[in-house]
Amino acid sequence: MNSGKWPKAIDESSPEIDLYENSRERKAYDNLADLYAIITATEHLERAYANDAIDQAAYTRECNKLLSQFKITENAALGKDSMTTETFMRVYQMDCPRAKERLLRMGVPEPTKTSGGDANVAMTVKDTTQHFITAMDAVKLDQRAVDELQP
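What you see as residue numbers is a count from 1 along each chain, following the sequence as written. Side-chain atom pairs in this predicted model are given and counted only at pLDDT of 80 or more, local residue features only at pLDDT of at least 70, and totals for whole chains, interfaces and linings cover all residues. To get the side-chain values, all heavy atoms of the structure are used, and hydrogens and water are removed first.

> Tell me what's going on with the overall build of the chain, and back it up with residues and numbers.
Counting from the N terminus, the helices are the DSSP runs of H or I reaching at least four residues and the strands are the DSSP runs of E reaching at least two. When helices and strands are counted, the chain shows seven helices and zero strands. Counting from the amino terminus, the chain carries its helices and strands in the arrangement α-α-α-α-α-α-α. Buried, partly exposed and exposed residues are distinguished by accessible area as a fraction of the type maximum, computed with a 1.4 Å probe on protein chains only: under 20%, between the cut-offs, and over 50%, respectively. Per-residue burial for the chain yields a buried fraction of 21% across its 151 residues. A separation threshold of at least 6 residues defines the contact pool for the chain, and within that pool the share at least 24 residues apart is 64%. Accessible surface is estimated by sampling points in the Shrake-Rupley manner with a 1.4 Å probe; for residues, cover comes only from the protein chains shown. Total accessible area on the chain is roughly 11,600 Å²; 54% of this is exposed by carbon and sulfur atoms. Only heavy atoms matter for contacts: two residues are in contact if any of them lie within 4.5 Å across the pair.

> Could you give me a rundown of the pattern of salt bridges, with the residues and numbers involved?
One speaks of a salt bridge when a side-chain nitrogen belonging to Lys or Arg is within 4 Å of a carboxyl oxygen belonging to Asp or Glu. One pass over the full model with this rule turns up five salt bridges. A salt bridge links Glu-43 to Arg-47, with the shortest nitrogen-to-oxygen separation between them at 3.1 Å. Here Arg-47 and Glu-43 lie together in helix H1 (residues 23–50), a separation of four residues that amounts to about one turn. The buried category is assigned to Glu-43, whose relative accessible area is 4%. In this structure, Arg-102 engages Glu-46 in a salt bridge whose closest nitrogen and oxygen atoms are separated by 2.9 Å. With Arg-102 in helix H4 (residues 97–106) and Glu-46 in helix H1, this residue pair connects regions lying 56 residues apart in the sequence.

> Outline the confidence of the model for the chain, supporting the account with residue identities and numerical values.
Each residue carries a pLDDT score, the predictor's own confidence in it, on a scale running from 0 to 100. Looking at the chain as a whole, its pLDDT mean stands at 79, while 76% of the residues score no less than 70. Helix H5 (residues 110–114) is the least confidently modelled element of the chain, averaging 58 in pLDDT, while H1 averages 89, the highest of any element.

> Which residues make up the nonpolar core, and what values do they have?
Grouped together as the largest cluster of nonpolar side chains are 20 residues, with contacts concentrated most on Leu-35, Ile-39 and Phe-88. Residue assignment for this core shows that the elements contributing at least two residues are H1, helix H2 (56–78), helix H3 (85–91) and H4. It is H2 that provides the largest number of residues to this core, a total of eight residues. Here Phe-88 is in contact with Leu-32, Leu-35, Tyr-36, Ile-39, Leu-78, Met-83 and Met-94, once residues within four sequence places are set aside. Put simply, buried Ala, Val, Leu, Ile, Met, Phe, Trp, Tyr and Cys residues joined by side-chain atoms within 4.5 Å make one nonpolar core.

> I'd like a rundown of H2, residues and numbers included.
Each residue after the first adds 1.5 Å to the expected span of a helix. For H2, which comprises 23 residues, the first-to-last C-alpha distance of 31 Å matches the rise-based estimate of 33 Å (1.5 Å per residue) to within 8%. Turning to H2, its buried residues number three or more, namely Ala-58, Tyr-59, Thr-60, Cys-63, Leu-66, Leu-67, Phe-70, Thr-73, Ala-77 and Leu-78.

> Describe H4, with residues and values.
Residues of H4 that are buried include every one of Ala-99, Arg-102 and Leu-103, and no others. For H4, the angular spread of the buried residues around the axis is 80°, confining them to a single face. One or two residues past the end of H4 sits Gly-107, with phi positive at roughly 80°. This arc is built from the directions going out from the helix axis to the C-beta atoms.

> Could you give me a rundown of the packing of H1 against H4, with the residues and numbers involved?
Only the stretch in contact is used when a helix axis is fitted, and all axes are lines through C-alpha atoms; the angle between N-to-C directions ranges over 0 to 180 degrees. Running from amino to carboxyl end, H1 crosses H4 at an angle of 105°, the nearest separation of the two axes being 8 Å. Comparing the axis directions of H1 and H4 gives the class roughly perpendicular. On H4, the residues touching Ile-39, Thr-42, Glu-43, Glu-46, Arg-47 and Ala-50 of H1 are Pro-97, Arg-98, Ala-99, Arg-102 and Leu-103. Angles are sorted into four bins: roughly parallel if under 35 degrees, roughly antiparallel if over 145, roughly perpendicular if 65 to 115, and oblique for all others.

> Any details on unusual backbone geometry? Residues and values, ideally.
Backbone geometry at Asp-52 places phi at a positive 60°, although glycine is not the residue there. Among the secondary structure elements, Asp-52 is positioned in the loop between H1 and H2. A positive phi is found at Gln-93, a non-glycine position, where the angle reads about 50°. Tracing the sequence through the fold places Gln-93 in the loop between H3 and H4.

Here it is in structure tokens:
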């Protein structure tokens, strides 16, 4: 069974174990391996950023890349199964709390959430929309006085 390119096993009495029986199973295992690698890479990236070992621009670029790869790979690996990513991490004993937070909860790189630039514009739009809706609700409740409309 050994074609010469793989090293021989020490105990050749053991039968060869196949991980998969067909190409569909092989592809499923490859997708799970890709998901595992993306989660692990995200955990390492988050740790490097927390320890200031990577600059903000590189972090944002790599984090965006991992987030987009995660979304695609998650659908490919877990799309048809009833397993969620959290279940996957538990089954394969992945201790990656930072990756779990970034990939499953936040979905955006840290600088995008806290830094200036476009994030400030997004926060301003969110706050303006919130105040506009609050003002509309107050007017619908027939609150007309300025002190009732302005907190």
